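What follows is the residue order along each chain.
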Amino acid sequence: MTRITVAHVDLAALTRNFRAIQAFLEHEAATVHRAARVVAVVKANAYGHGAARVALALEAAGATMVACADIEEGVEIRRAGVRVPILVFGALSVSDLGGAFAHGLTPTISSPGAARAVEAAAAARNTTIGCHLKIDTGMHRLGFRHDNLPWTMPAVIASPHLRIEAVYTHFATADDADRDLFNEQRVRFDAAIETLAGLGVRPAIVHAANSAAMLRDSRVWYDAVRPGLLLYGVVPPPLASTIPLEPALSLTSRVVAVKGLRPGEGAGYNWRFVAEQATSLAVIPAGYADGLDTRLGGRGHVLIRGRRAPIVGAISMDMLTADVTGLDVEPGDEVVIIGRQGDESWQRIDAREMAAAVGTIPWEILCRIGARIERRYEE
Ligand SMILES: *Cc1c(COP(=O)(O)O)cnc(C)c1O
(Lines give C-alpha, C1' and ligand atoms only; values in the text may rest on other atoms or scores of the structure.)
Protein backbone atom coordinates (compact mmCIF):
# COMPACT_ATOMS: atom_id res chain seq x y z
CA MET A 1 0.00 0.00 0.00
CA THR A 2 1.29 3.43 -0.81
CA ARG A 3 -0.25 6.85 -0.32
CA ILE A 4 -1.07 8.95 -3.34
CA THR A 5 1.20 11.78 -2.24
CA VAL A 6 4.82 10.74 -2.71
CA ALA A 7 8.26 12.38 -2.54
CA HIS A 8 10.47 11.22 -5.40
CA VAL A 9 14.17 11.48 -4.69
CA ASP A 10 16.31 11.37 -7.81
CA LEU A 11 19.63 9.93 -6.66
CA ALA A 12 21.09 10.39 -10.15
CA ALA A 13 20.29 14.11 -9.97
CA LEU A 14 21.87 14.25 -6.53
CA THR A 15 25.00 12.59 -7.92
CA ARG A 16 25.08 15.04 -10.84
CA ASN A 17 24.76 17.94 -8.41
CA PHE A 18 27.65 16.60 -6.35
CA ARG A 19 29.81 16.24 -9.46
CA ALA A 20 28.81 19.67 -10.75
CA ILE A 21 29.88 21.23 -7.46
CA GLN A 22 33.14 19.32 -7.53
CA ALA A 23 33.77 20.35 -11.14
CA PHE A 24 33.08 23.97 -10.18
CA LEU A 25 35.63 23.75 -7.36
CA GLU A 26 38.19 22.14 -9.66
CA HIS A 27 37.62 24.67 -12.44
CA GLU A 28 38.11 27.58 -10.09
CA ALA A 29 41.02 25.90 -8.35
CA ALA A 30 43.52 27.80 -10.44
CA THR A 31 42.75 30.86 -8.34
CA VAL A 32 43.07 29.09 -5.00
CA HIS A 33 45.98 26.72 -4.90
CA ARG A 34 44.11 23.40 -5.04
CA ALA A 35 40.59 22.09 -5.31
CA ALA A 36 38.64 21.84 -2.10
CA ARG A 37 36.96 18.56 -1.24
CA VAL A 38 33.26 18.26 -0.54
CA VAL A 39 31.92 17.37 2.89
CA ALA A 40 28.34 16.38 2.07
CA VAL A 41 25.88 17.73 4.63
CA VAL A 42 23.13 15.19 5.29
CA LYS A 43 21.74 16.43 8.60
CA ALA A 44 17.99 16.48 9.31
CA ASN A 45 17.38 13.29 7.36
CA ALA A 46 19.33 14.75 4.44
CA TYR A 47 17.10 17.84 4.33
CA GLY A 48 14.07 15.55 4.20
CA HIS A 49 15.41 13.44 1.34
CA GLY A 50 16.27 10.42 3.52
CA ALA A 51 19.69 10.29 5.18
CA ALA A 52 20.60 6.66 4.59
CA ARG A 53 20.04 6.52 0.83
CA VAL A 54 21.36 10.02 0.24
CA ALA A 55 24.54 9.50 2.26
CA LEU A 56 25.27 6.24 0.44
CA ALA A 57 24.67 7.88 -2.95
CA LEU A 58 26.94 10.81 -2.10
CA GLU A 59 29.64 8.50 -0.81
CA ALA A 60 29.45 6.58 -4.08
CA ALA A 61 29.65 9.91 -5.95
CA GLY A 62 32.94 10.70 -4.20
CA ALA A 63 32.14 12.52 -0.97
CA THR A 64 35.14 12.06 1.30
CA MET A 65 33.17 12.93 4.42
CA VAL A 66 29.53 13.41 5.36
CA ALA A 67 28.19 15.61 8.15
CA CYS A 68 25.14 15.39 10.38
CA ALA A 69 23.65 17.25 13.33
CA ASP A 70 23.93 14.81 16.21
CA ILE A 71 25.19 11.40 17.25
CA GLU A 72 21.81 9.75 16.68
CA GLU A 73 21.83 10.85 13.03
CA GLY A 74 25.42 9.71 12.68
CA VAL A 75 24.60 6.26 14.03
CA GLU A 76 21.77 5.90 11.52
CA ILE A 77 24.04 6.84 8.63
CA ARG A 78 26.82 4.51 9.80
CA ARG A 79 24.32 1.66 10.22
CA ALA A 80 23.17 2.27 6.64
CA GLY A 81 26.67 1.26 5.55
CA VAL A 82 28.48 4.56 5.02
CA ARG A 83 32.24 4.09 5.47
CA VAL A 84 33.69 7.57 5.05
CA PRO A 85 34.17 9.74 8.16
CA ILE A 86 30.93 11.08 9.62
CA LEU A 87 31.31 14.50 11.23
CA VAL A 88 28.84 15.44 13.95
CA PHE A 89 28.27 19.21 13.97
CA GLY A 90 26.23 19.56 17.12
CA ALA A 91 26.94 19.88 20.78
CA LEU A 92 27.61 16.57 22.51
CA SER A 93 25.73 15.33 25.51
CA VAL A 94 27.62 12.97 27.75
CA SER A 95 24.78 10.43 27.65
CA ASP A 96 25.11 9.61 23.96
CA LEU A 97 28.88 9.93 23.59
CA GLY A 98 29.20 6.17 23.55
CA GLY A 99 27.59 6.12 20.12
CA ALA A 100 30.45 8.15 18.70
CA PHE A 101 32.95 5.49 19.78
CA ALA A 102 30.78 2.49 18.96
CA HIS A 103 30.10 3.74 15.43
CA GLY A 104 33.30 5.57 14.62
CA LEU A 105 31.84 9.06 14.40
CA THR A 106 33.90 12.25 14.39
CA PRO A 107 32.68 14.64 17.08
CA THR A 108 33.02 18.40 17.01
CA ILE A 109 34.80 19.81 20.03
CA SER A 110 33.30 23.22 20.62
CA SER A 111 33.90 23.97 24.30
CA PRO A 112 36.37 23.15 27.07
CA GLY A 113 33.67 21.02 28.68
CA ALA A 114 33.17 19.01 25.49
CA ALA A 115 36.92 18.48 25.23
CA ARG A 116 37.03 17.19 28.80
CA ALA A 117 34.05 14.87 28.29
CA VAL A 118 35.37 13.36 25.05
CA GLU A 119 38.88 13.07 26.48
CA ALA A 120 37.53 11.25 29.55
CA ALA A 121 35.35 8.95 27.42
CA ALA A 122 38.28 8.11 25.14
CA ALA A 123 40.61 7.52 28.08
CA ALA A 124 38.05 5.23 29.70
CA ARG A 125 37.97 3.19 26.49
CA ASN A 126 41.73 3.27 26.23
CA THR A 127 41.56 4.70 22.73
CA THR A 128 42.08 7.96 20.88
CA ILE A 129 39.41 9.71 18.87
CA GLY A 130 39.70 12.02 15.86
CA CYS A 131 37.75 15.21 16.22
CA HIS A 132 37.17 18.58 14.59
CA LEU A 133 37.70 21.77 16.54
CA LYS A 134 35.07 24.46 16.04
CA ILE A 135 36.02 28.13 16.27
CA ASP A 136 33.36 30.76 16.89
CA THR A 137 34.25 33.70 14.65
CA GLY A 138 30.98 35.58 15.05
CA MET A 139 28.01 33.22 14.78
CA HIS A 140 27.99 33.12 18.59
CA ARG A 141 26.38 29.73 18.94
CA LEU A 142 28.88 26.89 19.29
CA GLY A 143 32.65 26.98 19.19
CA PHE A 144 35.68 28.34 21.02
CA ARG A 145 35.81 32.12 20.79
CA HIS A 146 38.35 33.13 18.17
CA ASP A 147 39.81 35.79 20.50
CA ASN A 148 40.31 33.50 23.47
CA LEU A 149 42.32 30.64 22.02
CA PRO A 150 45.58 31.19 23.94
CA TRP A 151 43.61 30.54 27.14
CA THR A 152 41.22 27.81 26.05
CA MET A 153 43.41 25.72 23.78
CA PRO A 154 46.26 24.47 25.97
CA ALA A 155 44.00 22.07 27.90
CA VAL A 156 42.52 20.75 24.65
CA ILE A 157 45.93 20.34 23.07
CA ALA A 158 47.20 18.54 26.15
CA SER A 159 44.40 15.96 25.96
CA PRO A 160 46.30 12.79 25.08
CA HIS A 161 43.27 10.91 23.71
CA LEU A 162 42.05 13.63 21.30
CA ARG A 163 43.41 13.89 17.74
CA ILE A 164 42.51 17.23 16.21
CA GLU A 165 42.04 16.34 12.55
CA ALA A 166 40.37 19.53 11.41
CA VAL A 167 39.48 23.06 12.42
CA TYR A 168 36.36 24.81 11.22
CA THR A 169 34.04 27.74 11.59
CA HIS A 170 30.56 28.64 10.36
CA PHE A 171 29.37 31.87 8.74
CA ALA A 172 26.34 33.76 10.02
CA THR A 173 25.73 36.03 7.02
CA ALA A 174 27.20 34.40 3.93
CA ASP A 175 23.95 34.99 2.02
CA ASP A 176 23.78 38.68 2.93
CA ALA A 177 25.99 40.78 0.65
CA ASP A 178 25.12 43.96 2.55
CA ARG A 179 26.70 42.80 5.79
CA ASP A 180 30.41 42.88 6.35
CA LEU A 181 30.38 40.28 9.11
CA PHE A 182 31.18 37.61 6.51
CA ASN A 183 34.54 39.22 5.76
CA GLU A 184 35.22 39.86 9.42
CA GLN A 185 34.60 36.21 10.17
CA ARG A 186 36.96 35.19 7.36
CA VAL A 187 39.74 37.44 8.68
CA ARG A 188 39.18 36.25 12.26
CA PHE A 189 39.27 32.63 11.14
CA ASP A 190 42.55 33.13 9.27
CA ALA A 191 44.01 34.73 12.39
CA ALA A 192 42.70 31.86 14.54
CA ILE A 193 44.40 29.32 12.26
CA GLU A 194 47.67 31.20 12.75
CA THR A 195 47.18 31.38 16.50
CA LEU A 196 46.52 27.65 16.57
CA ALA A 197 49.66 27.00 14.52
CA GLY A 198 51.60 29.05 17.07
CA LEU A 199 50.19 26.79 19.76
CA GLY A 200 51.29 23.75 17.80
CA VAL A 201 47.93 22.77 16.24
CA ARG A 202 48.30 22.15 12.50
CA PRO A 203 45.21 20.26 11.40
CA ALA A 204 45.18 18.38 8.13
CA ILE A 205 41.87 19.95 7.11
CA VAL A 206 40.47 23.46 7.46
CA HIS A 207 36.87 24.08 6.42
CA ALA A 208 34.33 26.88 6.68
CA ALA A 209 31.94 27.26 3.75
CA ASN A 210 28.27 26.33 3.63
CA SER A 211 26.53 26.64 0.25
CA ALA A 212 26.21 30.42 0.34
CA ALA A 213 29.81 30.99 1.47
CA MET A 214 31.07 28.61 -1.20
CA LEU A 215 29.26 30.61 -3.89
CA ARG A 216 30.30 33.93 -2.45
CA ASP A 217 34.06 33.75 -1.99
CA SER A 218 36.65 31.16 -3.01
CA ARG A 219 38.94 32.41 -0.25
CA VAL A 220 36.84 30.49 2.26
CA TRP A 221 37.05 27.15 0.46
CA TYR A 222 40.22 26.12 2.32
CA ASP A 223 40.65 22.31 2.16
CA ALA A 224 36.97 21.39 2.12
CA VAL A 225 33.55 22.97 1.67
CA ARG A 226 30.31 21.93 3.38
CA PRO A 227 27.39 22.42 1.03
CA GLY A 228 23.96 21.21 2.04
CA LEU A 229 21.22 23.00 0.11
CA LEU A 230 23.24 23.14 -3.12
CA LEU A 231 23.66 19.37 -3.17
CA TYR A 232 19.89 19.03 -3.18
CA GLY A 233 19.75 21.32 -6.19
CA VAL A 234 18.54 24.54 -4.58
CA VAL A 235 20.55 27.76 -4.57
CA PRO A 236 20.31 29.71 -1.29
CA PRO A 237 18.30 32.89 -1.85
CA PRO A 238 19.01 35.57 -2.85
CA LEU A 239 22.15 34.19 -4.50
CA ALA A 240 22.43 32.96 -8.08
CA SER A 241 24.78 30.36 -9.47
CA THR A 242 25.97 29.15 -12.83
CA ILE A 243 26.58 25.64 -11.47
CA PRO A 244 24.19 23.32 -13.32
CA LEU A 245 22.02 21.97 -10.50
CA GLU A 246 18.66 20.20 -10.48
CA PRO A 247 16.32 19.82 -7.53
CA ALA A 248 16.69 16.22 -6.36
CA LEU A 249 13.27 16.01 -4.74
CA SER A 250 9.83 16.33 -6.22
CA LEU A 251 6.53 15.99 -4.40
CA THR A 252 3.59 14.69 -6.38
CA SER A 253 0.02 13.67 -5.76
CA ARG A 254 -3.19 13.13 -7.68
CA VAL A 255 -6.54 14.86 -7.84
CA VAL A 256 -9.00 12.82 -5.76
CA ALA A 257 -12.11 14.91 -6.45
CA VAL A 258 -13.25 17.89 -8.50
CA LYS A 259 -15.93 20.08 -6.97
CA GLY A 260 -18.03 22.70 -8.75
CA LEU A 261 -18.88 25.87 -6.81
CA ARG A 262 -21.56 28.41 -7.68
CA PRO A 263 -20.89 32.13 -7.25
CA GLY A 264 -21.01 33.04 -3.57
CA GLU A 265 -20.24 29.52 -2.33
CA GLY A 266 -17.14 28.91 -0.26
CA ALA A 267 -14.97 25.87 0.41
CA GLY A 268 -13.03 24.41 3.28
CA TYR A 269 -12.56 25.61 6.86
CA ASN A 270 -13.95 29.07 7.53
CA TRP A 271 -14.74 29.36 3.84
CA ARG A 272 -11.37 31.02 3.42
CA PHE A 273 -12.09 30.81 -0.29
CA VAL A 274 -15.35 32.09 -1.73
CA ALA A 275 -16.10 31.70 -5.44
CA GLU A 276 -16.86 34.93 -7.28
CA GLN A 277 -17.85 33.04 -10.39
CA ALA A 278 -18.61 29.44 -11.30
CA THR A 279 -15.47 27.67 -10.11
CA SER A 280 -13.91 24.19 -10.23
CA LEU A 281 -11.79 23.10 -7.30
CA ALA A 282 -9.46 20.11 -7.36
CA VAL A 283 -9.13 18.31 -4.03
CA ILE A 284 -5.59 17.03 -3.41
CA PRO A 285 -4.70 14.69 -0.52
CA ALA A 286 -1.77 16.61 0.98
CA GLY A 287 -1.97 19.02 3.90
CA TYR A 288 -0.12 20.51 6.79
CA ALA A 289 0.36 17.08 8.35
CA ASP A 290 2.52 16.40 5.30
CA GLY A 291 4.53 19.53 6.05
CA LEU A 292 2.78 21.91 3.68
CA ASP A 293 2.70 25.40 5.09
CA THR A 294 -0.76 26.70 5.98
CA ARG A 295 0.18 30.02 4.40
CA LEU A 296 0.20 28.38 0.94
CA GLY A 297 -3.57 28.98 0.74
CA GLY A 298 -4.01 32.02 -1.49
CA ARG A 299 -0.23 32.21 -2.11
CA GLY A 300 1.08 29.00 -3.62
CA HIS A 301 0.45 26.98 -6.77
CA VAL A 302 0.43 23.39 -7.92
CA LEU A 303 0.89 22.06 -11.44
CA ILE A 304 -1.96 20.09 -13.02
CA ARG A 305 -2.10 19.20 -16.72
CA GLY A 306 0.96 21.36 -17.25
CA ARG A 307 -0.76 24.48 -15.89
CA ARG A 308 -0.26 26.43 -12.69
CA ALA A 309 -3.35 26.15 -10.50
CA PRO A 310 -3.55 28.52 -7.50
CA ILE A 311 -3.89 26.88 -4.10
CA VAL A 312 -7.00 28.43 -2.56
CA GLY A 313 -8.74 28.31 0.81
CA ALA A 314 -7.42 26.80 4.00
CA ILE A 315 -4.74 24.12 3.89
CA SER A 316 -6.29 21.28 5.92
CA MET A 317 -4.44 18.62 7.86
CA ASP A 318 -4.71 16.09 5.04
CA MET A 319 -6.02 18.02 2.04
CA LEU A 320 -5.69 21.15 0.01
CA THR A 321 -7.77 22.64 -2.79
CA ALA A 322 -6.61 24.27 -6.00
CA ASP A 323 -8.61 26.44 -8.39
CA VAL A 324 -8.75 24.55 -11.69
CA THR A 325 -11.53 26.55 -13.32
CA GLY A 326 -11.32 26.06 -17.09
CA LEU A 327 -8.50 23.51 -16.90
CA ASP A 328 -10.51 20.37 -17.73
CA VAL A 329 -9.21 18.46 -14.72
CA GLU A 330 -10.39 15.00 -13.67
CA PRO A 331 -9.89 12.83 -10.61
CA GLY A 332 -6.70 10.84 -11.07
CA ASP A 333 -4.79 13.66 -12.79
CA GLU A 334 -1.22 14.03 -11.60
CA VAL A 335 -0.50 17.00 -9.34
CA VAL A 336 3.02 18.37 -8.89
CA ILE A 337 3.43 20.22 -5.60
CA ILE A 338 7.21 20.55 -5.88
CA GLY A 339 8.93 19.68 -9.14
CA ARG A 340 8.27 20.06 -12.83
CA GLN A 341 5.47 19.09 -15.19
CA GLY A 342 6.75 20.03 -18.63
CA ASP A 343 9.80 21.82 -19.96
CA GLU A 344 8.73 25.45 -19.74
CA SER A 345 10.18 27.53 -16.92
CA TRP A 346 6.69 28.20 -15.54
CA GLN A 347 6.03 24.47 -15.40
CA ARG A 348 8.37 24.20 -12.45
CA ILE A 349 7.83 24.88 -8.75
CA ASP A 350 10.88 24.52 -6.55
CA ALA A 351 11.45 24.81 -2.81
CA ARG A 352 12.83 28.30 -3.30
CA GLU A 353 9.65 29.54 -5.02
CA MET A 354 7.45 27.87 -2.42
CA ALA A 355 9.49 29.39 0.41
CA ALA A 356 9.24 32.86 -1.11
CA ALA A 357 5.47 32.46 -1.51
CA VAL A 358 4.95 31.84 2.20
CA GLY A 359 7.76 33.95 3.62
CA THR A 360 10.14 31.26 4.81
CA ILE A 361 13.42 29.68 3.65
CA PRO A 362 13.85 26.71 1.27
CA TRP A 363 15.70 24.68 3.93
CA GLU A 364 12.52 24.69 6.02
CA ILE A 365 10.32 23.69 3.07
CA LEU A 366 12.47 20.61 2.45
CA CYS A 367 13.00 19.61 6.08
CA ARG A 368 9.30 19.82 6.88
CA ILE A 369 8.12 17.30 4.30
CA GLY A 370 6.26 14.97 6.57
CA ALA A 371 7.30 11.62 7.95
CA ARG A 372 4.19 9.91 6.55
CA ILE A 373 5.20 10.82 2.98
CA GLU A 374 6.92 7.91 1.32
CA ARG A 375 10.34 8.70 -0.20
CA ARG A 376 10.59 6.83 -3.48
CA TYR A 377 14.14 6.59 -4.80
CA GLU A 378 15.04 6.74 -8.47
CA GLU A 379 18.56 5.66 -9.35
C1 LIG B 1 23.77 22.97 7.81
C2 LIG B 1 25.20 23.30 7.83
C3 LIG B 1 25.90 23.44 6.63
C4 LIG B 1 25.24 23.38 5.26
O5 LIG B 1 24.46 24.54 5.08
P6 LIG B 1 23.78 24.90 3.67
O7 LIG B 1 23.38 26.32 3.84
O8 LIG B 1 22.60 24.00 3.53
O9 LIG B 1 24.79 24.69 2.63
C10 LIG B 1 27.26 23.65 6.70
N11 LIG B 1 27.89 23.74 7.89
C12 LIG B 1 27.24 23.63 9.07
C13 LIG B 1 27.99 23.73 10.34
C14 LIG B 1 25.88 23.42 9.07
O15 LIG B 1 25.24 23.32 10.25
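Rules behind the numbers
- Per chain, the residues get numbers from 1 upward, laid out in the order the sequence is written.
- Local features in this predicted model are restricted to residues whose pLDDT is 70 or higher, and side-chain atom pairs enter the listing and the counts only when it is 80 or higher, whereas totals over whole chains, interfaces and linings include all residues.
- Water and hydrogen atoms were dropped before computing side-chain values, which therefore reflect all heavy atoms in the structure.
- One heavy atom suffices: a residue is near a molecule or strand as soon as one of its heavy atoms comes within 4 Å of it.
- Think of a polar contact as two N or O atoms within 3.5 Å of one another; within protein, one of them needs to be a possible hydrogen donor and the other a possible acceptor, and neighboring residues in sequence only count if both atoms come from side chains.
- Here the accessible surface of atoms and residues is derived via Shrake-Rupley with a 1.4 Å probe, and residues count as covered only by protein chains that are part of the display.
- Basically, the charged four are Asp, Glu, Lys and Arg, the nonpolar ten are Ala, Val, Leu, Ile, Met, Phe, Trp, Tyr, Cys and Pro, and anything else, Gly included, counts as polar.
- Ring geometry is summarised as follows: Phe, Tyr and Trp rings, the Trp one being its six-membered ring, pair when their centres sit within 6.5 Å, and such pairs are stacked at plane angles under 30 degrees, edge-to-face over 60 and tilted between the two.
- A run of DSSP states H or I qualifies as a helix once it reaches four residues; a run of E qualifies as a strand once it reaches two. Both are numbered from the N-terminal end.
- Remark: exposure states derive from per-residue accessible area (1.4 Å probe, protein chains only) relative to the maximum for the residue type, with buried under 20%, exposed over 50%, and partly exposed in between.
- We call two residues in contact when some of their heavy atoms are within 4.5 Å.
- Throughout, an axis means a line fitted to C-alpha atoms (over the contacting stretch in the case of helices), and angles, computed between N-to-C directions, take values from 0 to 180 degrees.
- When describing relative orientation, an angle under 35 degrees is termed roughly parallel and one over 145 degrees roughly antiparallel, while 65 to 115 degrees is termed roughly perpendicular and anything else oblique.
- What makes a crossing left-handed is the near helix being turned counterclockwise from the far one by less than a right angle; a clockwise turn instead makes it right-handed.
- Source of the domain bounds: an automatic or database domain assignment.
- Each of two parts loses accessible area, computed with a 1.4 Å probe, when they are put together; buried area is these two losses added.
- Strands are labelled as partners when DSSP assigns at least two bridges between them.
- Looking down the strands as they point away from the viewer, one classifies a crossover as right-handed if the path from the first strand across the helix to the second runs clockwise.
- By convention a nonpolar core is built from buried Ala, Val, Leu, Ile, Met, Phe, Trp, Tyr and Cys residues, the set being connected through side-chain atoms within 4.5 Å.
- By salt bridge we mean one thing: a side-chain nitrogen of Lys or Arg within 4 Å of a carboxyl oxygen of Asp or Glu.

Engineer: How would you sum up the site of the ligand? Please name residues and give values.
Structural biologist: If you check the shell around the ligand, you find V41, K43, Y47, F89, H170, N210, S211, R226, P227, G228, L229 and W363 and nothing else. At a separation of 2.5 Å, an oxygen atom of the ligand approaches a polar side-chain atom of K43. At 2.9 Å from an oxygen atom of the ligand is found a side-chain nitrogen or oxygen belonging to W363. Summarising the interface, the protein chains cover 92% of the accessible area of the ligand, which totals 390 Å² for the free molecule. Partitioning the shell around the ligand into residue classes produces 6 nonpolar, 4 polar and 2 charged.

Engineer: Just give me the short version of the packing of aromatic side chains, but keep the residues and values in it.
Structural biologist: Applying the stated rule across the entire model yields 5 aromatic pairs. Geometrically, the ring pair formed by F171 and F182 is tilted, given 4.5 Å between the ring centres and 45 degrees between the ring planes. Note that F171 is positioned in the loop between β8 (162-168) and α8 (181-198) and F182 in helix α8, a separation of 11 residues in sequence. Centroid distance F189 to Y222: 5.4 Å. Interplanar angle 85 degrees. Geometry classified as edge-to-face. Here the residue F189 occupies a position in helix α8, and Y222 occupies one in the loop between α9 (211-216) and β10 (224-225), the gap between them amounting to 33 residues. Residue F189 is classed as buried on the basis of its relative accessible area of 0%.

Engineer: Summarise the side chain of T15; cite the residues concerned and give the values.
Structural biologist: Mapped onto the secondary structure, T15 falls in helix α1 (residues 11-27). Sequence-distant contacts of T15, that is, excluding residues within four places in its chain, are made with A57 and A61.

Engineer: Can you explain the packing of α1 against helix α3 (residues 51-61)? Please cite residues and give values.
Structural biologist: Packing of α1 against α3 brings their axes to within 9 Å, and their N-to-C directions diverge by 45 degrees. Between α1 and α3, the angle falls in the class oblique. Remark: the crossing between α1 and α3 carries right-handed chirality. Note on element contacts: α3 touches α1 through R53, V54, A57, L58, A60 and A61, opposite L11, L14, T15, F18 and R19. Classifying every residue of the contact of α1 with α3 gives 8 nonpolar, 1 polar and 2 charged.

Engineer: Please set out the domain arrangement of the protein chain residue by residue, giving values where relevant.
Structural biologist: As assigned here, the protein chain comprises domain 1 (11-231) and domain 2 (249-378). Between domain 1 and domain 2, the C-alpha centre-to-centre distance is 37 Å. Counting from both sides, the interface comprises 9 residues of domain 1 and, opposite them, 8 residues of domain 2. Together, the buried faces of domain 1 and domain 2 total about 910 Å²; carbon and sulfur atoms form 67% of this surface. Ranking the residues of domain 1 by area buried against domain 2 places Y47, H49 and L229 at the top, with a combined share of 53%. In this assembly, domain 1 and domain 2 are joined by 3 residue pairs in polar contact (both at pLDDT 80 or more). For the side of domain 1 that touches domain 2, the secondary-structure elements that each account for two or more residues are α1 and α2 (43-47). By residue class, the composition of the side of domain 1 that touches domain 2 is 5 nonpolar, 3 polar and 1 charged.

Engineer: Describe the packing of helix α7 (residues 149-157) against α8, naming the residues involved and giving the relevant values.
Structural biologist: Axis separation between α7 and α8 bottoms out at 11 Å; the angle between their running directions is 50 degrees. Considering the angle they form, α7 stands oblique to α8. For the pair α7 and α8, the crossing hand works out as right-handed. Across from L149, P150 and M153 in α7, the residues of α8 making contact are A192, T195 and L196. Its residues assigned to classes, the contact of α7 with α8 comprises 5 nonpolar, 1 polar and no charged.

Engineer: Got a sec to walk through the pairing of strand β5 (residues 106-109)? Specific residues and values, please.
Structural biologist: Of the two faces of β5, both are covered, the one formed by T106 and T108 as well as the one formed by P107 and I109. Taken together, the 2 bridges between strand β4 (residues 86-88) and β5 define a ladder with parallel strand orientation. By the bridge assignment for β5, L87 is matched with T106. One ladder, built from 2 bridges, connects β5 with strand β6 (residues 129-136); its direction is parallel. For T108, the partnering residue across the bridge sits in β6 and is H132. In the classification by handedness, the crossover that spans β5, the intervening helix α6 (residues 112-124) and the parallel β6 is right-handed.

Engineer: Residue-level account of the nonpolar core, with values.
Structural biologist: By size, the foremost hydrophobic cluster in this structure holds 116 residues, and its most contacted members are I21, V42, L58, I77, M214, V302 and I304. Among the elements that line this core, the one with the most residues is α1, at 7 residues. Built from parts of two domains, this core gets at least three residues from each of domain 1 (11-231) and domain 2 (249-378). Not counting residues up to four positions away in its chain, the partners in contact with I21 are V38, M214, L230, L231, I243 and L245.

Engineer: I'd love a proper account of the pattern of salt bridges, names of residues and values included.
Structural biologist: Tallied over the full model, the rule gives 18 salt bridges. Note that R372 is salt-bridged to D318, the shortest N-O span being 2.8 Å. Of this pair, R372 sits in the loop between α11 (362-367) and β21 (374-378) while D318 sits in the loop between β17 (307-312) and β18 (320-323), placing them 54 residues apart in sequence. Of the residues examined, R372 reaches a relative accessible area of 32% and is grouped as partly exposed. Three or more residues joined by partner-sharing salt bridges are found here, namely D293, R295, E364 and R368.

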